[in-house]
Amino acid sequence: MQLGVIGLGRMGQIVVDRSLEAGHDVVAFDLDDEAVESAADAGATPAESVADLAATLGDDKRVWLMVPAGKAVDATLDDLDPHLDSDDVVVDGGNSHFERSLERAEACSAAYLDCGTSGGPASAEEGFSLMIGGPQWAYDELVPVFDAVATGPAGHDRMGPEGSGHYVKMVHNGVEYALMQAYGEGFELLADGRYDLDLETVARTWNNGAVIRSWLLELCEEAFELEGSDLGDVEDYIAGGSTGTWTVQESLEQEVPIPLIYQALAERFDSRNEGRFSRRLANRLRYGFGRHEVARQDD
Ligand SMILES: NC(=O)C1=CN([C@@H]2O[C@H](COP(=O)(O)OP(=O)(O)OC[C@H]3O[C@@H](n4cnc5c(N)ncnc54)[C@H](O)[C@@H]3O)[C@@H](O)[C@H]2O)C=CC1
Ligand SMILES: O=C(CO)[C@H](O)[C@H](O)COP(=O)(O)O
């Protein structure tokens, strides 16, 4: 199959490489010329613009977007849409909000597949897990590419209609936050608890047969191996948060309680605040009602 790929960063390059490896022809475009050159070195046909990519693809265009969620997706679709018709298929493999994907699917002249992509750059060798929403025929049409980009046939499936792929990926990320929080809390207790433990040893032992073994736990093991049991100079700061915020917003709308995911998101926000106002006020209020000593910043 001939596939256009727009967005050749950490994730898009893997879409290109794995598609080429499986014998597909790839036409590649990115705003960054170096990224296009690198895709061309790997065997893709370079494109100078979205219009050039569309012209090179000819009829029955299949185009995979792997650009940052938000404005970049809209800008790309604005450029691409005049070249599309109803036989064509566009895949958005980024972390777009499912409601934006629904709107884009409605506005797009081609069939639109919203594709939640999990595994990250570390999955270059093994392939991704792909959660796909959109018309069945378009999914069926792209199966050879999904087989290549995912871990294999079991690594992708159609979740349901438009929006459902990004909906499932949004919830996946919420679960990711909660799992990271759970591992973090367990290791924090071990780090600050009664025994002088080597946390890499703990993680490795857990990863071999324990109920809580997982890829995230393997990444914990790797982190302790490379940074040490005390995590060295790794900062107490967690970036990101958009997909977790969407998950929590959706849980409020659906009135489904997800306290663990919410708590994990709150921990992220908390990591960005030094000297939380609420904690400082609680410190002062304890003096107000109990005449407990106020801890002062210079103490
Ligand atoms: N990095 C990760 O672990 C994961 C990322 N994702 C999602 O995949 C998408 C891509 O992420 P990454 O590859 O990590 O980002 P990245 O920042 O590594 O790459 C994005 C690429 O898109 C290009 N680009 C930006 N605007 C463009 C435009 N208008 N036209 C053409 N190219 C444009 C950039 O030059 C860059 O090469 C995002 O939506 C991200 O949330 C999904 C799962 C995991
Ligand atoms: O989708 C992902 C992993 O599954 C991406 O790594 C995403 O960036 C993670 O979300 P956040 O930036 O909020 O941590």
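This text follows the structure it describes.
This structure is a prediction, so every number in the text was calculated from the model and none was measured.

### Here's the deal with the overall build of the chain
The helix and strand inventory of the chain stands at 12 helices and 8 strands. Across its three principal directions, the C-alpha atoms of the chain cover 75 × 40 × 35 Å. Taking all 299 residues of the chain together, 42% fall into the buried category. Counted over contacts in the chain with a minimum sequence separation of 6, partners at least 24 positions apart contribute 60%. Split by element, the accessible area of the chain, about 16600 Å² in all, is 50% carbon and sulfur.

### Quick look at the site of ligand 2
Neighbouring ligand 2 are N95, K169, H172, N173, E176, Y177, G240, G241, S242, T243 and R268. Between ligand 2 and the protein, one listed contact pairs an oxygen atom with a side-chain N or O atom of N95 at 2.8 Å. Between ligand 2 and the protein, one listed contact pairs an oxygen atom with a side-chain N or O atom of N173 at 3.1 Å. Protein coverage of the free-state accessible area of ligand 2, which is 360 Å², stands at 64%. Mapped onto the shell around ligand 2, the elements with two or more residues apiece are α7 (164–192) and α10 (242–254). Per-element accounting of the shell around ligand 2 gives the leading share, 5 residues, to α7. By residue class, the composition of the shell around ligand 2 is 1 nonpolar, 7 polar and 3 charged.

### Re the nonpolar core
W64, L130 and F146 are the most contacted members of the largest nonpolar core, which has 31 residues in total. Among the secondary structure elements, those contributing two or more residues to this core are β1 (2–6), α1 (12–21), β2 (25–29), α2 (33–42), β5 (89–92), β6 (111–118), β7 (129–133) and α6 (136–149). For this core, the element with the highest residue contribution is α6, accounting for 6 residues. Leave out the neighbours within four places in its chain, and L130 touches W64, C115, G116, T117, F146, V149, A150, G155, H156 and D157. I6, A47, L57 and A110 belong to the second largest nonpolar core, which has 20 residues in total.

### What to know about the site of ligand 1
In the region of ligand 1, 22 residues are neighbours, and R10, M11, D30, N95 and T117 sit closest. Between an oxygen atom of ligand 1 and a main-chain N or O atom of V67, the distance comes to 3.4 Å. Taking N95, its main chain carries an N or O atom lying 3.0 Å from an oxygen atom of ligand 1. When ligand 1 is considered free in solution it has 830 Å² of accessible area, and contact with the protein chains removes 76% of it.

### Describing a nonpolar patch on the surface
On the surface, F277, L281, L285 and F289 cluster together to form a nonpolar patch covering roughly 480 Å² of accessible area. Summarising the element assignment, F289 is placed in helix α12 (residues 277–290). Accessibility expressed as a relative area gives 65% for F289, which makes it exposed.

### Details of the packing of aromatic side chains
Given two aromatic rings, their pairing is described by the distance between the two centres and the angle made by the two planes. All told, the structure shown has 5 aromatic pairs when counted by the stated rule. Ring geometry for Y139 versus F146: centroids 5.6 Å apart, planes at 25°, classification stacked. In this pair, the class of Y139 matches that of F146, namely buried. Where F187 meets W206, the ring centres are 5.2 Å apart and the plane angle is 45°; that geometry is what we call tilted. Here F187 is found in helix α7, whereas its partner W206 is found in helix α8 (residues 199–207), with 19 residues between them in sequence. The class of F187 is buried, set by a relative accessible area of 5%. Overall, the relative accessible area of 27% leaves W206 in the partly exposed class. A network of ring pairs unites the aromatic residues W64, Y139 and F146 as a single cluster. R268 extends its terminal NZ or CZ atom over the ring of Y177, reaching a point 3.6 Å from the ring centre.

### So, the side chain of E221
Along the chain, E221 falls in helix α9 (residues 215–227). Despite its burial, E221 pairs with no opposite charge, the nearest such side chain being R204 at 5.1 Å. When near neighbours in sequence (up to four residues on either side) are disregarded, E221 contacts E200, A203, R204 and N207.

Reading guide: rules and limits
Residues numbered from 1 in each chain as written. Chains lettered and ligands numbered in written order. Predicted model: local features only at pLDDT ≥ 70, side-chain atom pairs only at ≥ 80, totals over all residues. Heavy atoms only, no water. Helix = DSSP H or I, 4+ residues; strand = E, 2+ residues; numbered from the N terminus. Buried < 20%, exposed > 50% of the residue type's maximum accessible area, 1.4 Å probe, protein only. Contact = heavy atoms within 4.5 Å. Areas by Shrake-Rupley, 256 points an atom, 1.4 Å probe, with all protein chains shown as cover. Near = heavy atom within 4 Å. Polar contact = N/O pair within 3.5 Å; in protein donor to acceptor, adjacent residues only side chain to side chain. Nonpolar A, V, L, I, M, F, W, Y, C, P; charged D, E, K, R; others polar. Core = buried A, V, L, I, M, F, W, Y, C linked by side-chain atoms within 4.5 Å. Patch = residues over 30% accessible without salt bridge, like charges linked within 9 Å, V, L, I, M, F, W, Y side chains within 5 Å. Salt bridge = Lys/Arg side-chain N within 4 Å of Asp/Glu carboxyl O. Phe/Tyr/Trp six-rings, centres within 6.5 Å; stacked < 30°, edge-to-face > 60°. Lys NZ or Arg CZ within 6 Å of the ring centre and 35° of its normal. Lys, Arg positive; Asp, Glu negative; His and termini not counted.

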